[in-house]
Amino acid sequence: MNAVFSQFDKFYVTVKSDRVKEVCKMYASLGWKLVENSPHSRYFNERNLTFSRPHVVQHRDELQLLQVYLDGAIDKIGKLQSNPCPVTTALMIAVGLACLFLIVCGALLAVFWQNTYFITGIVFSSLGGVLLILHGALFIKIYAQEKVKSQVKISELSERLNTICEMGAGLTGGADE
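Fair warning: this is a prediction, and the values are worked out from it, not measured in the lab. (Residues numbered from 1 in each chain as written. Predicted model: local features only at pLDDT ≥ 70, side-chain atom pairs only at ≥ 80, totals over all residues. Heavy atoms only, no water.)

J.: Give me the pattern of salt bridges: which residues, what numbers.
T.: Pairing between side chains becomes possible if they bear opposite charge and their charged atoms approach one another. This structure, assessed with the given rule, holds three salt bridges. Among the salt bridges present, the one from arginine 60 reaches aspartate 9, with a minimum N-O distance of 2.7 Å. Residue arginine 60 is found in helix α3 (residues 60–82), and its partner aspartate 9 is found in strand β1 (residues 8–16); the two are separated by 51 residues along the sequence. As a salt-bridge pair, glutamate 22 and arginine 19 come within 3.1 Å of each other at their nearest N and O atoms. With a relative accessible area of 37%, glutamate 22 lands in the partly exposed category. Look at arginine 19 and you get buried, because its relative accessible area is 18%. (Salt bridge = Lys/Arg side-chain N within 4 Å of Asp/Glu carboxyl O. Helix = DSSP H or I, 4+ residues; strand = E, 2+ residues; numbered from the N terminus. Buried < 20%, exposed > 50% of the residue type's maximum accessible area, 1.4 Å probe, protein only.)

Right, here's the structure in full:
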């Protein structure tokens, strides 16, 4: 029977070097103890962390559920920090390319078919230029608004992380290393 109690679960995670202490504290609130902190084999700004916890622990199911929530919140924060405005960025690129297409088509019409489509070419190029300028001004505002929304989501997720850690510390008897 002692063999069951001597078994340990291990958990591996890779994090940015500047977030090691924060992540260790979060997982410690769920009963995990840091066993190893080693550099990543490829990326100099990342660390491989190995955590351990006894296999038999009180409130195991609740702690595992909290860990799932914790992992999800950490992942969402990472995605929001790496690309805070994916929709706006994609639209900016698509509309910008369409404007450039109008400018190039207009220039080609004006240069190669000077007699028949010169005016049309000038109109296309002018329209593309005006749309490109409006596009820049409009999307800068939209990008700023979407970035603010992203920051609000990050702060909400950070609050959720704190709540999860408090609940985990309550289940593990206040383990907080």
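J.: I'd like a rundown of helix α4 (residues 86–112), residues and numbers included.
T.: Helix length check: α4 (27 residues) gives 39 Å between terminal C-alpha atoms against 39 Å at 1.5 Å per residue, within 8%. Turning to α4, its buried residues are Thr88, Gly96, Cys99, Gly106, Leu109 and Ala110. Buried residues along α4 sit in contact with α5 (114–172). (Expected span 1.5 Å × (residues − 1). Contact = heavy atoms within 4.5 Å.)

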